[in-house]
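Overview (structure and organization)
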Amino acid sequence: MISEDLGPYKTVLSLAKARYSCRAFEPRPVPMCDIQRVLEVARTAPSDCNTQPANMFIVSGRALDGLRAEMYEAASSGLESTSDVPPIAAYAGVFQDRRRECGWELYNAVGIERGDREGSGRQALENFRFFGAPHLAVVTVDKDLAERGLFDAGIYLGHFLLAVQSLGIAAVPQGAIAHRSDIIRKHVPIPAELRVVCGVAFGYAMKEHPANSFRTSRAEVSDSVAFVS
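These notes cover the structure that comes with them. Predicted model, so just to flag it, every value in this text is computed and none were measured.

Let us look at the overall build of the chain. Scanning the chain from N- to C-terminus turns up eight helices and four strands. Secondary structure of the chain in N-to-C order comes out as α-α-β-α-α-α-β-α-β-α-β-α. Relative to the globule expectation of 17 Å for 229 residues, the C-alpha radius of gyration of the chain, 18 Å, shows essentially globular dimensions. Sorting the 229 residues of the chain into buried and exposed places 36% on the buried side. As displayed, the chain has an accessible area near 13800 Å², and 54% of this comes from carbon and sulfur atoms.

Right, here's the structure in full:
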């Protein structure tokens, strides 16, 4: 029998569709009680054999200020990057198309014209300022769990992102900063057995900022799902 109570489904769908990647934050911090509420949701994420491999380091205050300054300086000067998880070597086909669409929508929103490499480069560097966010969550996973651990960390991250959305907190997952894991480790006490997977900048959105004025598209269900019976 199909349940007629769609209330919980509608709540989840509303949160999922309202969520977006915030790229301009207010400086005011999120209360610790709300951060704890988010983590209470994230810890319920399923994992392979209940291994629960995701570990998160939440960086704020002076620790974040120091990390922000050094990350931005390294990215600006073009210093060689170091990754615990190898970056994608090349984007092709529909993946490149989607990547470009996202990039150009952002640049258009903030008034950067096509061909303006200086402007687009300047905007890209904002990743390493964490877009002004007052908090950065660094997602890590035990290296011995290999790809399966990365998979489980992604599920944990998904729970985290829906939880922040439910509390009116803005966030943006950041893969780029993980490619400077050596700098992150200088400011965050991450044990050697953990791999830095990504970061999540979070806080409260500058709602009127043009960088927060656009929303990325999503593929249709039929583009990624096949029903077999």
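Under the counting rule described, the total for this entry stands at eight salt bridges. One salt bridge connects Arg-37 with Asp-34, and the closest N-O pair in it is separated by 2.6 Å. Separated by three residues within a single helix, Arg-37 and Asp-34 lie in helix H2 (residues 32-42), roughly one turn from each other. Put simply, Lys-186 and Glu-70 hold a salt bridge, and the shortest N to O gap is 2.4 Å. Residue Lys-186 is found in helix H7 (residues 181-187), and its partner Glu-70 is found in helix H3 (residues 61-77); the two are separated by 116 residues along the sequence.

On the surface, Ile-88, Tyr-91, Val-94 and Phe-95 cluster together into a nonpolar patch covering about 400 Å² of accessible area. Within the element layout of this structure, Tyr-91 appears in the loop between H3 and helix H4 (93-109). Its relative accessible area of 36% is what places Tyr-91 among the partly exposed residues.

The next point concerns the pairing of strand S2 (residues 135-142). For S2, the buried fraction is high: seven of the eight residues fall into the buried class. By the bridge criterion, seven bridges tie strand S1 (residues 54-60) to S2 in an arrangement that is antiparallel. Looking across to S2, one finds that Phe-57 is bridged to Val-138. When S2 meets strand S4 (residues 194-203), the two strands line up antiparallel, connected through eight bridges. Each bridged residue has a counterpart across the sheet, and for Leu-136 the counterpart in S4 is Ala-201.

Below, the discussion takes up the packing of aromatic side chains. Within the structure shown, the criterion is met by two aromatic pairs. Both rings, one in Trp-104 and one in Tyr-107, keep their centres 5.5 Å apart while their planes meet at 80°; by these two values the pair is edge-to-face. Highlighted residues: Trp-104 and Tyr-107, both in helix H4, separated by three residues, approximately one helical turn. With 5.8 Å between their ring centres and 80° between their planes, Phe-160 and Phe-202 make a pair best called edge-to-face. Taken together, the residues span a long stretch of sequence, with Phe-160 in helix H6 (residues 146-166) and Phe-202 in strand S4 at a distance of 42 residues.

So, about the packing of helix H1 (residues 7-18) against H6. With their axes 9 Å apart at the nearest point, H1 and H6 run at an angle of 95° to one another. Judged on the interaxial angle alone, H6 and H1 are roughly perpendicular. Two secondary-structure elements touch here, H1 through Leu-15, Ala-16 and Ala-18 and H6 through Leu-162, Gln-165 and Ser-166.

Parameters at a glance
Residues numbered from 1 in each chain as written. Predicted model: local features only at pLDDT ≥ 70, side-chain atom pairs only at ≥ 80, totals over all residues. Heavy atoms only, no water. Helix = DSSP H or I, 4+ residues; strand = E, 2+ residues; numbered from the N terminus. Rg over C-alpha atoms; globule rule 2.2 N^0.38 Å. Buried < 20%, exposed > 50% of the residue type's maximum accessible area, 1.4 Å probe, protein only. Areas by Shrake-Rupley, 256 points an atom, 1.4 Å probe, with all protein chains shown as cover. Salt bridge = Lys/Arg side-chain N within 4 Å of Asp/Glu carboxyl O. Patch = residues over 30% accessible without salt bridge, like charges linked within 9 Å, V, L, I, M, F, W, Y side chains within 5 Å. Pairing = 2+ DSSP bridges. Phe/Tyr/Trp six-rings, centres within 6.5 Å; stacked < 30°, edge-to-face > 60°. Axes fitted to C-alpha atoms, helices over the stretch in contact; angles between N-to-C directions. Parallel < 35°, antiparallel > 145°, perpendicular 65-115°, else oblique. Contact = heavy atoms within 4.5 Å.

Scope: geometric values only; no functional claims are made or implied.
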